[in-house]
Amino acid sequence: MEFELSPERLAFQREVAAFLAAELPPGRFYEESRQSPAQQVELDRFLKRLAERRWLALSWPVEYGGAGRDLIDHAIFNEQMGYYRAPNEALVPVTIIGPAILQFGTEAQKREHLPRITRGEGVYWQLFTEPNAGSDLAALETRALRDGDDFLVNGQKIFVGDGREPDYFYLAARTDPTAPKHRGISIFLVPARLPGITVTKLDPVAGWAKNQVFFDDVRVPASALMGQLNQGWSHMRETLAVERSGIATNGEARRMVEDLIAYCHELTRDGQPLVSHEWAQNLLADLLIEVEAWRWLCWRVVHLQATGAPIVAEASVVAIHRKAFFPLLQNAIYRLVGSYALLQRTAVGALGEGECEFWQREALHTHSAGTPEIQRNIVAVRGLGLPR
Ligand SMILES: Cc1cc2nc3c(=O)[nH]c(=O)nc-3n(C[C@H](O)[C@H](O)[C@H](O)COP(=O)(O)OP(=O)(O)OC[C@H]3O[C@@H](n4cnc5c(N)ncnc54)[C@H](O)[C@@H]3O)c2cc1C
């Protein structure tokens, strides 16, 4: 087992890092809920520059606009994107929805959507959660019932999407209401502007921009079906495993730990540099241990993906670690920098252009792709083989 990257891969890592350092502003580019139209233009330009290098979908086949590189290079790229605080939402079509299309999509769907995504175009939202189906996702009630050449969709989704106007929905809906709940679900790739679709914005959750989507007798052509009819649950599980094990967030958190260490060199407490206090050293050491452990868990999943091994519990192990790390980081930031941790980026004296304050809020965000409790259930049942 190799723990070191080869000289070629290290050179690629440096190339990506140099590009991102030059292309991205030093602070957080923007937060979804606070994104201005000018930042949207900036983001589009940034995506185009990544696309020109064929970096957006590094590991996808060349015929669909990818660069045909392997998953290890792709993970190196994603890790650097997180480290340089590239906007998360820009990655959703490439990291979550594109891989699903590659795996389950029809040839027509691949040819239509993948080249568009690799060009950095198109806004895709994942529509799984409903008011009565969050943790118990298989209980989802949105229906897509066959009606001639179409499916007729009715229902509601919540906590989905981002601050941009969507072009497509990656939708989970019940296609066989008589089947046991895990067996009657299918996945669709639905144009977002069909008659009968209404999108309403939710108040931002911890800086995120989220929405509700309502379907009222929406006619979706049968060609929008992705994967096999009524087999959507297994497709959703694979999609969620990819989301849970994302390495970009680890890069982002690792950068924050490094920045925090740098602030502690500058700040003083009781007349002494903060870094010279044992309690501060212990806090920083704990953060480093946890973020490194999490990083290697991410790389283990990348290794499994690269070898084509199935991933279920391993992705949940990563997710548990990630979700446990956020409150640790939030608490350490607060204890180390005090009330400065509450100053937003535009305030005088805000540390790291508001990055400390950002992590105070981000610590609340442990729900997406399944709460910590649900991840533990998965590890217990699927990882340890314990009874449901
Ligand atoms: C920032 C953010 C982004 C999101 N993005 C998306 C998105 O893009 N697409 C999408 O479809 N969804 C998205 N979601 C929704 C997210 O996946 C759900 O919020 C999550 O699955 C939890 O569902 P819920 O909120 O309905 O909570 P509930 O399921 O109601 O859970 C409430 C509490 O009960 C606990 N609980 C529930 N069942 C059990 C159990 N069996 N055992 C132990 N504890 C349990 C949970 O852990 C939780 O603490 C997002 C959410 C957030 C906050």
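Keep in mind that this is a model prediction, so the values were computed, not measured. (Residues numbered from 1 in each chain as written. Predicted model: local features only at pLDDT ≥ 70, side-chain atom pairs only at ≥ 80, totals over all residues.)

Enquirer: Explain the overall build of the chain to me, please; I cannot follow it from the model alone.
Expert: Each helix and strand counted, the chain has 11 helices and 10 strands in total. Relative to its length of 388 residues, the chain is compact, with a C-alpha radius of gyration of 21 Å against a globular reference of 21 Å. When the backbone C-alpha atoms are referred to their principal axes, the chain occupies close to 75 × 45 × 40 Å. Expressed as a percentage of the 388 residues in the chain, the buried residues total 39%. Considering only contacts in the chain between residues 6 or more positions apart, those separated by 24 or more positions represent 70%. (Helix = DSSP H or I, 4+ residues; strand = E, 2+ residues; numbered from the N terminus. Rg over C-alpha atoms; globule rule 2.2 N^0.38 Å. Buried ≥ 20, exposed ≤ 12 C-beta atoms within 10 Å, placed from the backbone. Contact = placed C-beta atoms within 7 Å.)

Enquirer: Looking at this model, I keep getting lost on the site of the ligand. Mind explaining?
Expert: Lining the immediate surroundings of the ligand are 20 residues, of which Phe128, Gly134, Ser135, Thr371 and Glu373 lie closest. Elements that contribute at least two residues to the shell around the ligand include exactly β1 (124–127), β3 (150–160) and α11 (372–383). A per-class count over the shell around the ligand returns eight nonpolar, 10 polar and two charged. When residues are assigned to domains, the shell around the ligand turns out to be shared by domain 2 (125–233) and domain 3 (245–383), each giving three or more. (Near = placed C-beta within 6 Å. Nonpolar A, V, L, I, M, F, W, Y, C, P; charged D, E, K, R; others polar. Domains from an automatic or database assignment.)

Enquirer: Where do I start with the nonpolar core in this structure?
Expert: Within soluble globular proteins, side chains that are nonpolar tend to cluster in buried spots. Residues Leu127, Tyr170, Leu171, Ala172, Phe188, Ile333 and Leu336 are the most contacted members of the largest nonpolar core, which totals 89 residues. A per-element tally of this core places helix α9 (residues 313–337) first, with 11 residues. Sequence-distant contacts of Leu127, defined by excluding residues within four places in its chain, comprise Lys157, Val160, Phe169, Tyr170, Leu171, Ala172 and Val213. (Core = buried A, V, L, I, M, F, W, Y, C linked by C-beta atoms within 7 Å.)

Enquirer: Looking at this structure, I do not really get the domain arrangement of the chain. What am I missing?
Expert: Domain boundaries in the chain define domain 1 (7–121), domain 2 (125–233) and domain 3 (245–383). When each unit is reduced to the centre of its C-alpha atoms, the spacing between domain 2 and domain 3 is 32 Å.

Enquirer: Can you walk me through unusual backbone geometry in this structure?
Expert: Most of the time, phi is negative for any residue but glycine, and the peptide bond is trans. Its identity is not glycine, yet Arg85 carries a phi of approximately 60°, on the positive side. In this structure, Arg85 sits in the loop between α3 (71–83) and α4 (92–104). Under the C-beta neighbour-count criterion, Arg85 is labelled buried, with 23 such atoms within 10 Å.

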